[in-house]
Amino acid sequence: MVIEILIIIIAVAIFISIAVAEFFVFAKNKKFEEGLIKREKDAKYRMYEIEILNRLSEKMGYSLSVQNIVEVIIASLPDITDYSAASYMLLLPEKINFRVYTKNPVPGKFINEVKEKMLDSLSDILKADLKNKKIDEMLWGAKINDESEDSVGSFFNIPLVISDKVVGSLSIADARHGFYAEKEIAAVTEITKRAANAFTRLQDAVESENSKMNAMVSSMADGVVMTDTDYRVLVANPVAKKAVGAENKKDLLLSDF
């Protein structure tokens, strides 16, 4: 009888030892699997950032525009997250440009919700009331579906900062509630920040070159006007300005000449 009890105790001890060993092996494998998934996600985000910055370099090589930066980021968002609508607002002296890309059909009220959230966010940041400012609105992507009852369930907004100045914002919205994880928000925020910094550096370099060019042409006897590929006036010397009666005008358009 004693021997039988001893055998049972030994068997139970062996079983417990095996169970404990298997638990630790499972836990170790689970931790390894989670670490592998995290490394894969991190690598995906890094590749996304590199790809975005490469695309921006190509774009900014021939056109210096905040709009180009934001549209490149929006076009690349499907590589990292899903969404119903991606939008941006750019602050201009006379109006606000509001652009919306709808990946999935949403009703007009969804777009209006996004617009109100973005205006509220920018108003808070700038400590200014933007509600009465003219808004130039444009939509592209999936068609508006006013039969849908979708409203904004998840939303995050990222300020666009160029040369330490808020020039607008980028927002991502989805009809699903609690859809965006902190990692996704951080990834889009970081790439937007890096893109804005790259743009700022390029803008500073262009302004420096423009200053040198202005200094060189200012002393020329002939009128000189230089534009970029979008026909925006970059350089106009005093002789050219005097010829069109714009000596005191700082910002010139090609139509002035």
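Located above this text is the structure these notes cover.
Nothing here was measured: the structure is a model prediction, and the numbers come from that model.

Considerations on the layout of surface pockets
Take a probe with the size of a water molecule and roll it over the atoms, and the empty space left behind shows itself.
In step 1: Empty space within the second largest pocket amounts to approximately 170 Å³.
In step 2: Lining the second largest pocket are I158, P159, V161, I162, S163, D164, T189, T192, K193, A196, N197 and T200.
In step 3: Taken together, the elements giving at least two residues each to the lining of the second largest pocket come down to β4 (154-162) and α4 (182-218).
In step 4: Looking at the lining of the second largest pocket element by element, the count peaks at 6 residues for α4.
In step 5: Considered class by class, the residues forming the lining of the second largest pocket number 5 nonpolar, 5 polar and 2 charged.

Examining the side chain of S171
In step 1: As for its placement among the helices and strands, S171 is situated in strand β5 (residues 165-174).
In step 2: In contact with S171, other than residues within four places in its own chain, are A85, A86, S87, V114, M118, F155, F156 and N157.

Considerations on the environment of A240
In step 1: Examined against the element boundaries, A240 turns out to sit in helix α5 (residues 238-243).
In step 2: Residue classification places A240 among the buried positions, given a relative accessible area of 7%.
In step 3: With 18 residues separating them in the primary sequence, A240 and D222 have C-alpha atoms 7.6 Å apart.

Details of the environment of Q67
In step 1: In this fold, Q67 is placed in helix α2 (residues 66-76).
In step 2: Sequence separation between Q67 and N97 is 30 residues; the distance between their C-alpha atoms is 9.7 Å.
In step 3: Leave out the neighbours within four places in its chain, and Q67 touches Y88 and L90.

Here's the deal with the pairing of strand β3 (residues 135-141)
In step 1: Where strand β2 (residues 96-102) lies against β3, 7 bridges are found, and the strand directions are parallel. Among the inter-strand pairings, V100 is bridged to a residue of β3, identified as L139.

A look at unusual backbone geometry
In step 1: One non-glycine residue, K127, lies in positive phi territory at about 55°.
In step 2: Its place among the elements puts K127 in the loop between α3 (108-126) and β3.
In step 3: Since its relative accessible area comes to 73%, K127 is described here as exposed.

A closer look at empty space enclosed by the protein
In step 1: Tallying each qualifying case throughout the model produces 1 cavity of 30 Å³ or more.
In step 2: Taken as a whole, the largest cavity encloses approximately 40 Å³ of empty space.
In step 3: Considering each element in turn, the lining of the largest cavity owes the most residues, 3 residues, to α2.
In step 4: Considering only residue class, the lining of the largest cavity consists of 6 nonpolar, 1 polar and no charged.

Some details on α3
In step 1: Taking 1.5 Å of rise per residue, the 19 residues of α3 would be expected to cover 27 Å, and the 27 Å separating its terminal C-alpha atoms lies within 8% of that figure.
In step 2: Inspection of α3 places F110, I111, V114, K115, M118, L119, L122 and S123 among the buried residues, and these make up the whole buried set.
In step 3: In this structure, the buried residues of α3 make contact with β1 (85-91), β2, β3, β4 and β5.
In step 4: Just beyond α3, the residue with positive phi is K127, at close to 55°.

With respect to the packing of aromatic side chains
In step 1: In the structure shown here, the tally under the stated rule is 4 aromatic pairs.
In step 2: For the ring pair Y101 and W140, a centre distance of 5.7 Å and an interplane angle of 50° mean the geometry is tilted. Pair noted here: Y101 is in strand β2 and W140 is in strand β3, with a separation of 39 residues, a long-range link.
In step 3: Ring geometry for F156 against Y180: centres 5.2 Å apart, planes inclined by 85°, an arrangement best described as edge-to-face.

What counts as what
- Residues numbered from 1 in each chain as written.
- Predicted model: local features only at pLDDT ≥ 70, side-chain atom pairs only at ≥ 80, totals over all residues.
- Heavy atoms only, no water.
- 1 Å grid on protein atoms, 1.4 Å probe; cavity = no way out; pocket = protein on both sides within 12 Å on 5 of 7 lines; lining within 4 Å.
- Points joined across faces, edges and corners; volume = space filled by probe spheres on them.
- Helix = DSSP H or I, 4+ residues; strand = E, 2+ residues; numbered from the N terminus.
- Nonpolar A, V, L, I, M, F, W, Y, C, P; charged D, E, K, R; others polar.
- Contact = heavy atoms within 4.5 Å.
- Buried < 20%, exposed > 50% of the residue type's maximum accessible area, 1.4 Å probe, protein only.
- Pairing = 2+ DSSP bridges.
- Expected span 1.5 Å × (residues − 1).
- Phe/Tyr/Trp six-rings, centres within 6.5 Å; stacked < 30°, edge-to-face > 60°.

As far as function goes, none of this settles anything; it's purely spatial.
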